[in-house]
Amino acid sequence: MATVVMEQIGRLFINVQQLRQIPQLLETAFPTLPCTVKVSDVPWVFRERHILTGYRQPDQSWRYYFLTLFQRHNETLNVWSHLLAAFIILVKWQEMSETVDFLRDPHAQPLFIVLLAAFTYLSFSALAHLLSAKSELSYYTFYFLDYVGVAVYQYGSALAHYYYAIEKEWHNRVQRLFLPTAAFLAWLTCFGCCYGKYARADMSKLAQKLLQVVPSALAYCLDISPVVHRVYRCYQDGCSDPVVAYHFYHVLFFLIGAYFFCCPHPESLFPGRCDFIGQGHQFFHAFVVVCTLMQIEALRTDFAERRPLYEELHGDLAHDAVALFIVFSL
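Residues numbered from 1 in each chain as written. Predicted model: local features only at pLDDT ≥ 70, side-chain atom pairs only at ≥ 80, totals over all residues. Heavy atoms only, no water.

Draft legend 1. Up close: the side chain of His 247. In this fold, His 247 is placed in helix α11 (residues 243-262). Setting aside anything within four residues of it in sequence, one finds His 247 in contact with Ala 165, Val 227, Arg 230, Val 231, Ala 298, Leu 299 and Asp 302. (Helix = DSSP H or I, 4+ residues; strand = E, 2+ residues; numbered from the N terminus. Contact = heavy atoms within 4.5 Å.)

Now the structure itself:
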């Protein structure tokens, strides 16, 4: 009996010794990363207004920037907010695929496209905020990729709104111009954002924001018009459609997020105090994520409950819309 007890104590001692080695193993797997630096220690291209600390050192290895996913720096929340949201979109995609035949049902294809577009912009954004600090080339490459994701999401949203959320009256007004114009404005948004980012050294901050915001605002006004018309008519007639509430809050959260994108608040009021938590861009990310999830839920319900209407309005349009989306994306 004593021998058995001693063997158990010996095993316990070995297990305790192994537990003590865990921190060393983690340190080997995730080596200590260089400390973040001040704004004066990085080239101008990486500097953000009113953000004074928390910058990662440039010209490190790719491994270093991937590992900064687990480091506290001034982009950490921007990375994780969209990374987690992209994962949620994948989960929703899996849930829908159990009841929706995305491959064989042509009327499910716009829903598939908006899910793909949402995942694209969220994952591209996370990559841009995670990896852009390596070099000036990486900075422009990944943020241009980010803007491609934004443009893809703009058109994917326009297609889904036009297909599922639109009312017959608004469809009759815009049916010939809506999708081609949405594709052009999405391309214009991508061009304006990329050019504004690349040429920002030679232009004022106001001009840069105008290049980014004006095309996006025009695209949003068109893309969201079927939803706004539907919400307006619903509340005008005494709304009883519960899905309209999702559409309403989808629009509301986007507008709030757009404010934080355009205005660097609250960091402009408290320079240096919002370097890690509390940046306007972090609030922008949070509101856009909630907006996207509201949108997906609304469109998912519209797909299930409004089939007789959109089948009558669009017929086989889904095939043409998918072709236009592929051409636009290329």
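Draft legend 2. Focus on the packing of aromatic side chains. Summed over all chains, the structure comprises 29 aromatic pairs. Their ring planes at 55 degrees and their centres at 5.7 Å tell us that Phe 102 and Phe 112 sit as a pair that is tilted. Taken together, the residues Phe 102 in the loop between α4 (76-97) and α5 (109-131) and Phe 112 in helix α5 connect sequence positions 10 residues apart. Residue class for Phe 112 comes out partly exposed when judged on its relative accessible area of 31%. Aromatic ring contacts, followed pair by pair, group Tyr 235, Phe 248, Tyr 249, Phe 253, Tyr 259, Phe 260, Phe 283 and Phe 287 into a single cluster. Over the ring of Trp 62 we find Lys 134; its NZ or CZ atom is 5.0 Å from the centre of that ring. We note Lys 197 situated over the ring of Tyr 143; from NZ or CZ to the ring centre the distance is 4.5 Å. (Phe/Tyr/Trp six-rings, centres within 6.5 Å; stacked < 30°, edge-to-face > 60°. Buried < 20%, exposed > 50% of the residue type's maximum accessible area, 1.4 Å probe, protein only. Lys NZ or Arg CZ within 6 Å of the ring centre and 35° of its normal.)

Draft legend 3. The UniProt feature "transmembrane region" (unreviewed entry) in the protein chain, seen in detail. UniProt feature "transmembrane region" (unreviewed entry): in the numbering of this structure it lies at residues 77-93, 113-132, 144-165, 177-198 and 244-263. Helix makes up 95% of residues 244-263 and strand 0%, whereas the separation of the span's terminal C-alpha atoms amounts to 29 Å. (UniProt positions renumbered as here; feature names shortened; annotations may be inferred.)

Draft legend 4. Region of the structure containing the packing of helix α12 (residues 280-305) against helix α13 (residues 307-314). Contact geometry of α12 with α13 gives a least axis separation of 6 Å together with a crossing angle of 80 degrees. As far as their axial angle goes, α13 and α12 are roughly perpendicular. Taken together, the residues of α13 that come into contact with α12 (itself represented by Asp 302, Phe 303 and Glu 305) are Arg 307, Pro 308 and Tyr 310. Broken down by class, the residue content of the contact of α12 with α13 amounts to 3 nonpolar, no polar and 3 charged. (Axes fitted to C-alpha atoms, helices over the stretch in contact; angles between N-to-C directions. Parallel < 35°, antiparallel > 145°, perpendicular 65-115°, else oblique. Nonpolar A, V, L, I, M, F, W, Y, C, P; charged D, E, K, R; others polar.)

Draft legend 5. Looking closely at the packing of helix α6 (residues 136-165) against helix α9 (residues 205-223). Following both chains from N to C, one finds α6 and α9 inclined at 20 degrees, their axes separated by 9 Å at the closest point. Taken together, the axes of α6 and α9 lie roughly parallel to each other. α9 is crossed by α6, and the crossing has left-handed handedness. In this structure, α6 uses Tyr 147, Gln 154, Ala 158 and His 161 to contact α9, whose residues at the interface are Gln 212, Ser 216, Ala 219 and Asp 223. (Left-handed = near helix turned anticlockwise from the far one by under 90°.)

Draft legend 6. Expanded view of α9. The first and last C-alpha atoms of α9 sit 27 Å apart over 19 residues, in line with the 27 Å expected at 1.5 Å per residue. When α9 is considered as a whole, its buried residues turn out to be Gln 208, Gln 212, Pro 215, Ala 219, Tyr 220, Leu 222 and Asp 223. (Expected span 1.5 Å × (residues − 1).)

Draft legend 7. Quick look at the pattern of salt bridges. Counted under the stated rule, the structure contains 11 salt bridges. Between Glu 169 and Arg 173 there is a salt bridge, with its nearest N and O atoms 3.2 Å apart. Residue Glu 169 and its partner Arg 173 are both found in helix α7 (residues 168-174); the two are separated by 4 residues, about one turn of the helix. Here the salt bridges do not stand alone but share partners, grouping Asp 105, Arg 307 and Glu 311 into one network. (Salt bridge = Lys/Arg side-chain N within 4 Å of Asp/Glu carboxyl O.)

Draft legend 8. Inspection of the side chain of His 161 at higher detail. Among the secondary structure elements, His 161 is positioned in helix α6. By relative accessible area, His 161 is classed as buried at 2%. Those residues within four positions of His 161 in sequence are excluded, and the remaining contacts are Ile 166, Asp 223, Ile 224, Pro 226, Val 227, His 250, Gln 295 and Leu 299.

Draft legend 9. View of α13. For α13, the full list of buried residues reads Tyr 310, Leu 313 and His 314. Along α13, the residues classed as buried sweep out an arc of 75 degrees about the axis, all on the same side. Exposed and facing more than 90 degrees away from the buried side of α13 are Pro 308 and Glu 312. Gly 315 sits one or two residues past α13 and shows a positive phi near 60 degrees. (Arc of directions from axis to C-beta.)

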